[in-house]
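Notes for the structure review
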Amino acid sequence: MDFSESPRVATIVRTVREFVKEELLPIEPQLARQGFPALLPVLREKRERARQTGLWAGHLPEEHGGAGLSLTEFAHMSEELGRTPIGHYVFNCQAPDVGNMEILIEHGTPEQKAQFLGPLVRGEVRSCFTMTEPEFAGSNPVWMGTTARKDAGDWVIRGHKWFSSGMDGSAFAICMAVTNPDAEPHARASMILVPTSTPGFELVGNLSVMGHRGGDWASHAEVSYQDARVPLGNLLGGEGMGFVVAQQRLGPGRIHHCMRWIGICERALDLMCRHAATRLLAPGKPLGTKQIVQQWIAESRAEIHAARLMVLHAAWTIEQKGPVEAREEISLIKFTVARTLQRVVDRAIQALGGLGMTDDTPLAFWYAHERAARIYDGADEVHIEAVARRILRRYGIQIG
Ligand SMILES: Cc1cc2nc3c(=O)[nH]c(=O)nc-3n(C[C@H](O)[C@H](O)[C@H](O)COP(=O)(O)OP(=O)(O)OC[C@H]3O[C@@H](n4cnc5c(N)ncnc54)[C@H](O)[C@@H]3O)c2cc1C
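Residues numbered from 1 in each chain as written. Predicted model: local features only at pLDDT ≥ 70, side-chain atom pairs only at ≥ 80, totals over all residues.

**Section: the overall build of the protein**
Broken down by element type, the protein carries 13 helices and 10 strands. Here the C-alpha radius of gyration of the protein, 22 Å, is about what a compact globule of 400 residues would show, namely 21 Å. Contacts in the protein between residues far apart in sequence, at least 24 positions, make up 70% of those at least 6 positions apart. (Helix = DSSP H or I, 4+ residues; strand = E, 2+ residues; numbered from the N terminus. Rg over C-alpha atoms; globule rule 2.2 N^0.38 Å. Contact = placed C-beta atoms within 7 Å.)

**Structural notes on the site of the ligand**
Residues in contact with the ligand amount to 19 residues; listed here are only the nearest, Met131, Ala137, Gly138, Ser139 and Glu381. Only β1 (127–130), β3 (154–165) and α13 (380–393) provide two or more residues apiece to the shell around the ligand. A per-class count over the shell around the ligand returns 10 nonpolar, seven polar and two charged. Counting the residues that make up the shell around the ligand, at least three belong to each of domain 2 (127–236) and domain 3 (243–393). (Near = placed C-beta within 6 Å. Nonpolar A, V, L, I, M, F, W, Y, C, P; charged D, E, K, R; others polar. Domains from an automatic or database assignment.)

**Describing helix α3 (residues 40–52)**
The first and last C-alpha atoms of α3 sit 19 Å apart over 13 residues, in line with the 18 Å expected at 1.5 Å per residue. Downstream of α3 by one or two residues, glycine 54 has phi in the positive range, about 80 degrees. (Expected span 1.5 Å × (residues − 1).)

**Topic: the pairing of β1**
Burial along β1 is two-sided: the face carrying Ser127 and Phe129 and the face carrying Cys128 and Thr130 are both buried. Across four bridges, the pairing between β1 and strand β4 (residues 172–178) is parallel. By the bridge assignment for β4, cysteine 128 is matched with alanine 173. (Buried ≥ 20, exposed ≤ 12 C-beta atoms within 10 Å, placed from the backbone. Pairing = 2+ DSSP bridges.)

**Considerations on the pairing of β3**
By the bridge criterion, five bridges tie strand β2 (residues 147–151) to β3 in an arrangement that is antiparallel. Across the sheet, the residue bridging to aspartate 151 is aspartate 154, located in β3. As consecutive antiparallel partners, β2 and β3 are separated by two residues, and within that stretch alanine 152 has a phi angle of approximately 50 degrees, a positive value.

**Some details on the packing of helix α4 (residues 71–81) against helix α8 (residues 242–278)**
Put simply, α4 and α8 touch, their axes get as near as 6 Å, and they point 35 degrees apart. Crossing of α4 over α8 shows right-handed handedness. Contacts from Leu71, Ala75, Ser78, Glu79, Glu80 and Leu81 of α4 reach α8 at Pro252, Ile255, His256, Met259, Arg260, Ile262 and Gly263. Here the residues of the contact of α4 with α8 sort into seven nonpolar, three polar and three charged. (Axes fitted to C-alpha atoms, helices over the stretch in contact; angles between N-to-C directions. Left-handed = near helix turned anticlockwise from the far one by under 90°.)

**Structural notes on the nonpolar core**
Counting 102 residues, the largest nonpolar core has Cys175, Ile192, Val194, Ala268, Val311 and Ala348 as its most contacted members. For this core, the element with the highest residue contribution is α8, accounting for 14 residues. Not counting the four nearest positions on each side in its chain, alanine 268 is found in contact with Val344, Val345, Ala348 and Leu363. (Core = buried A, V, L, I, M, F, W, Y, C linked by C-beta atoms within 7 Å.)

**Describing the packing of helix α6 (residues 97–107) against helix α7 (residues 110–121)**
The relative placement of two packed helices comes down to the angle between their axes together with the axis-to-axis distance. Close contact between α6 and α7 brings their axes to 10 Å; oriented N to C, the two are set at 145 degrees. Of the two elements, α6 crosses α7, and the hand of that crossing is left-handed. In this structure, α6 uses Asp97, Asn100, Met101, Leu104 and Ile105 to contact α7, whose residues at the interface are Gln112, Lys113, Phe116, Leu117, Leu120 and Val121. By residue class, the composition of the contact of α6 with α7 is seven nonpolar, two polar and two charged.

**Things to note about the domain arrangement of the protein**
Taken domain by domain, the protein consists of domain 1 (7–121), domain 2 (127–236) and domain 3 (243–393). Between the C-alpha centres of domain 1 and domain 3 there is a distance of 21 Å. Counting from both sides, the interface comprises 21 residues of domain 1 and, opposite them, 24 residues of domain 3. Secondary structure elements with two or more residues in the side of domain 1 that touches domain 3: α2 (28–34), α4 and α6. Broken down by element, the side of domain 1 that touches domain 3 gets its largest block of residues, seven residues, from α4. When the residues that make up the side of domain 1 that touches domain 3 are grouped by side-chain class, the tally is seven nonpolar, eight polar and six charged.

**Thoughts on unusual backbone geometry**
Following alanine 95, the chain continues into proline 96 via a peptide bond in cis, with omega recorded as 0 degrees. Here proline 96 is to be found in the loop between α5 (87–90) and α6. Positive phi, normally seen in glycine, also occurs at alanine 57, with a value near 45 degrees. Here alanine 57 shows up in the loop between α3 and α4. Looking at alanine 57, the number of C-beta atoms within 10 Å reads 26, which means it is buried. Non-glycine residue alanine 152 carries a positive phi angle of around 50 degrees. Within the secondary structure layout, alanine 152 lies in the loop between β2 and β3. Note on alanine 152: 7 C-beta atoms within 10 Å, which makes it exposed.

**Section: α6**
With eight of 11 residues buried, α6 is to be regarded as a mostly interior element. Residues of α6 that are buried include every one of Asp97, Val98, Gly99, Asn100, Met101, Glu102, Ile103 and Leu104, and no others. Along its buried surface, α6 packs onto α7, β1, β4, β8 (235–236) and α8.

**Section: the environment of leucine 104**
Mapped onto the secondary structure, leucine 104 falls in helix α6. Classification of leucine 104 as buried rests on a count of 24 C-beta atoms within 10 Å. On a C-alpha basis, the gap between leucine 104 and phenylalanine 116 in space is 8.0 Å, while along the polypeptide they are 12 residues apart. Excluding its chain neighbours within four sequence positions, the residues that come into contact with leucine 104 are Gln112, Lys113, Phe116 and Leu117.

Pasting the structure below:
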């Protein structure tokens, strides 16, 4: 692996860092006071400016309207954008749209690309991904209740989903539904494109998460499919291919998430250091003179550095060998970086004292909402188990 920063990466990092500092950090207080939906008109303007940087939808190939960055290059961009809760949204590379765009590019028919992908890449619409169900353990995704049956040239979908992030205000959902109930478990489900205006597609409501219901992109919905009918042509990828496609979505997606989390850690450490240098415990005695605060700072620095190297190594492995060969690296970063994130944000809040609990900094927002990092994209325990199982296999033990 080459640890030198290419001129291209240096330019990307400089451009995005400057943009975040000049355009996005100043509107964070408004976001905290008024919430995401109220900020939409301002964000629309910011998105226009983001387009002009040439880094719009950085993760996508140029022929599909993106900036054509490699996975590693986009990883650096994702870190910079992660320093603010709205960075990815402004550059149109926010979850879950980022993964949905990638699936549509890889598996969409020309008609699906024209109808769904084009408007998504141009930032005219948003989308969501409806897979998890309240009645079934998401950690065993092959076990689900939502079905799609064929009837008179249509798919008829019936089921109950929740944690459909960003569903509120989105134009379409990618629905994971059982289409082949008699096939072996990993070949039972398919992905189907469902416009949210389809009769029978119902937003039950946004879930209250850590005391916030949120709205628009910044929300997680409960959704009901009540015999929602879409044409057979809305099948995305082959019939029974749902899990194969989902796996492809998750590998690079974890790099994006982990680098975003590292961006959060960097911002938290920066806030901690600024406070340690300026908060006086007594005249002439800043907080940073206390050894325990120095320890929080040094440990955070070391953990962030280690996490970043792990993620870049995983991204490099995906680029060199493909996501299947990089499975172990991907699982390792998922639970390692999620834990680093939690520790660093927690230390920063502690260092800021009461200020850390207020919404005057984004720390409290991240403490509440990024707790989920250990749960989504596969609960940490699932990844831990997968890594241990692979290691023990080399010692002759077969588990599961
Ligand atoms: C903020 C947020 C956003 C999300 N966005 C989306 C979205 O856009 N679309 C979507 O479809 N889903 C989404 N999800 C759902 C997410 O994918 C699931 O929550 C996740 O897969 C876990 O499933 P579950 O919640 O049903 O927990 P369960 O599967 O019921 O697991 C509960 C707990 O059991 C433990 N556990 C599970 N398996 C094992 C194991 N093998 N060994 C040991 N312990 C284990 C873990 O600690 C886990 O947290 C989101 C979730 C959150 C919190």
